[in-house]
Amino acid sequence: MKFGIYVEMQNPKVNHKPHAQVYKEVLEQIEHADKVGFSTFNTLEHHWFEEFSISTNPMALYAAAAQRTKDIRFRTCSHILPLHNPMVFAGQVAATDILTNGRFELAVGRGHAWVFPKASIPLEESRGRFKESLEILELALTEDTFSYHGKYYDVDNVSVVPRPIQMPHPKIYTGGASNYNYEVAGKKGYGVLITPMLPLEKVVHQLEVYKESCVKHGHKPEIIFVQALYLDDDGDRARAEAKDYILQFMKGNVAPTVGLPSKEEMIAKDYGFYAAGTLEALATIPYQQLLDEEYVWVGSPEEIREKIQKVVDAVPELTEISVICSYAGMEHWKTIRTQQLFSEKIMPFIKKGDPFLLRNNRVG
């Protein structure tokens, strides 16, 4: 079992920080995570919506963080492939792998529906562009020279340089809200990341789609569970302190929905999830319900161990839990405290094989 940290780099109007300060704090959080034993640092690629994220160039962040760390790996969840020229993007992936000394992993996705109008890309092209970009990315990272003839990209005799350290290429993951991504992941042998902000029961169906696809195509499932977290030695104090941050975390994640096209257009252009209003509804859930139904984890380390056990029992294929310790413009020291408590009072129990957490030797 591995543990990672995940940072969206939210910067809401409330608790707003200078952008340079956000990046400085994140780099310090990565350094701390590396020292206390977290295996991965995860962030996303996102543009234009500050309340959601200012993480527009995760590969540059990894290159900087790699110079300040020794062991922690870096993973993007996810790169929005339709926004990139895949021939150019493949070279950037390889360069990032070199600059992190082979510590780079990437997840790929089609992207949220709201990004395409601001990128001047027709929404209906997003699925086709994603499919072609992924095919080109794999070719570019595995073949010395390749050609590709599709609807959106048409190239001959392309040789992408430099070449990555990890062969044939860095590990690839996917996730999101679409069954299509989980089917593709099982077919290709990718790992998957469970979407944050949703309790496990809300994504069980997609995990079944993924596991069935893995079995069909002869691959071993690799599942990463992502969850927002707030820790204090005193569970009641944690729940009191976390309330405003958690509610803003939810608001920040749904804030970009104000820029969505009409429901009819989203359904017609293969974005039915966003037409259903499921995402917007997250911002209306009362705080106590978010806690009770485990949309987020808040409490003492002892309380959180029990919640981890539930996930481990439910998903024996789980390989990593990645916790979101910083969100909603939270004070830097509180993020460090949560990381420290998690590393001291939760991680050792799992790594040492505590029987309470490792029934049936499912993880270890």
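Scroll up to find the structure.
Quantities reported herein were computed from a predicted structural model and do not represent experimental measurements.

Novice: A description of the environment of Glu344 should follow, citing residues and the corresponding values.
Specialist: For Glu344, the location among the structural elements is in helix 14 (residues 332–345). For Glu344, a relative accessible area of 44% puts it in the partly exposed group. Put simply, Glu344 and Gly37 are 307 residues apart on the chain and 9.5 Å apart in space, counted from C-alpha to C-alpha.

Novice: Provide a residue-level description of the pairing of strand 1 (residues 2–7), including the pertinent values.
Specialist: Judged by how many residues are buried, strand 1 sits mostly within the fold: five of six residues are covered. With six bridges joining them, strand 1 and strand 11 (residues 318–326) adopt parallel strand pairing. When the bridges of strand 11 are listed, Ile5 appears paired with Val323. Where strand 1 and strand 2 (residues 40–43) come together, four bridges link them in parallel fashion. Directly across from Val7, in strand 2, lies its bridge partner Thr43. Crossover handedness for the path strand 1 to helix 1 (residues 19–36) to strand 2: right-handed.

Novice: Explain the packing of helix 6 (residues 179–188) against helix 7 (residues 204–217) to me, using residue names and the numbers behind them.
Specialist: In the contact formed by helix 6 and helix 7, the axes pass within 7 Å of each other and the chain directions differ by 30°. Judged on the interaxial angle alone, helix 7 and helix 6 are roughly parallel. Here the hand of the crossing between helix 6 and helix 7 comes out right-handed. In contact with Asn179, Tyr182, Glu183, Ala185, Gly186 and Lys187 of helix 6, helix 7 contributes His205, Gln206, Val209, Tyr210, Ser213, Cys214 and His217. Partitioned by chemical class, the residues of the contact of helix 6 with helix 7 number five nonpolar, six polar and two charged.

Novice: A description of unusual backbone geometry should follow, citing residues and the corresponding values.
Specialist: Cis rather than trans, the peptide bond between Val161 and Pro162 has omega equal to 0°. Residue placement: Pro162 occurs in the loop between strand 6 (154–158) and strand 7 (172–175). The residue after Met167, namely Pro168, is reached through a cis peptide bond having omega 0°. Within the fold, Pro168 resides in the loop between strand 6 and strand 7.

Novice: Report on the side chain of Lys334, specifying residues and quantitative values.
Specialist: With respect to the helices and strands, Lys334 occurs in helix 14. A relative accessible area of 10% means that Lys334 is categorised as buried. Setting aside residues no more than four positions away along its own chain, Lys334 makes contact with Tyr230 and Tyr245.

Novice: Report on the environment of Val226, specifying residues and quantitative values.
Specialist: Tracing the backbone through its elements, the reader meets Val226 in strand 9 (residues 223–231). Taking the C-alpha atoms as reference, Val226 lies 5.2 Å from Pro196; in sequence the two are 30 residues apart.

Conventions we followed
- Residues numbered from 1 in each chain as written.
- Predicted model: local features only at pLDDT ≥ 70, side-chain atom pairs only at ≥ 80, totals over all residues.
- Heavy atoms only, no water.
- Helix = DSSP H or I, 4+ residues; strand = E, 2+ residues; numbered from the N terminus.
- Buried < 20%, exposed > 50% of the residue type's maximum accessible area, 1.4 Å probe, protein only.
- Pairing = 2+ DSSP bridges.
- Right-handed = clockwise from strand over helix to strand, strands pointing away.
- Axes fitted to C-alpha atoms, helices over the stretch in contact; angles between N-to-C directions.
- Parallel < 35°, antiparallel > 145°, perpendicular 65-115°, else oblique.
- Left-handed = near helix turned anticlockwise from the far one by under 90°.
- Contact = heavy atoms within 4.5 Å.
- Nonpolar A, V, L, I, M, F, W, Y, C, P; charged D, E, K, R; others polar.

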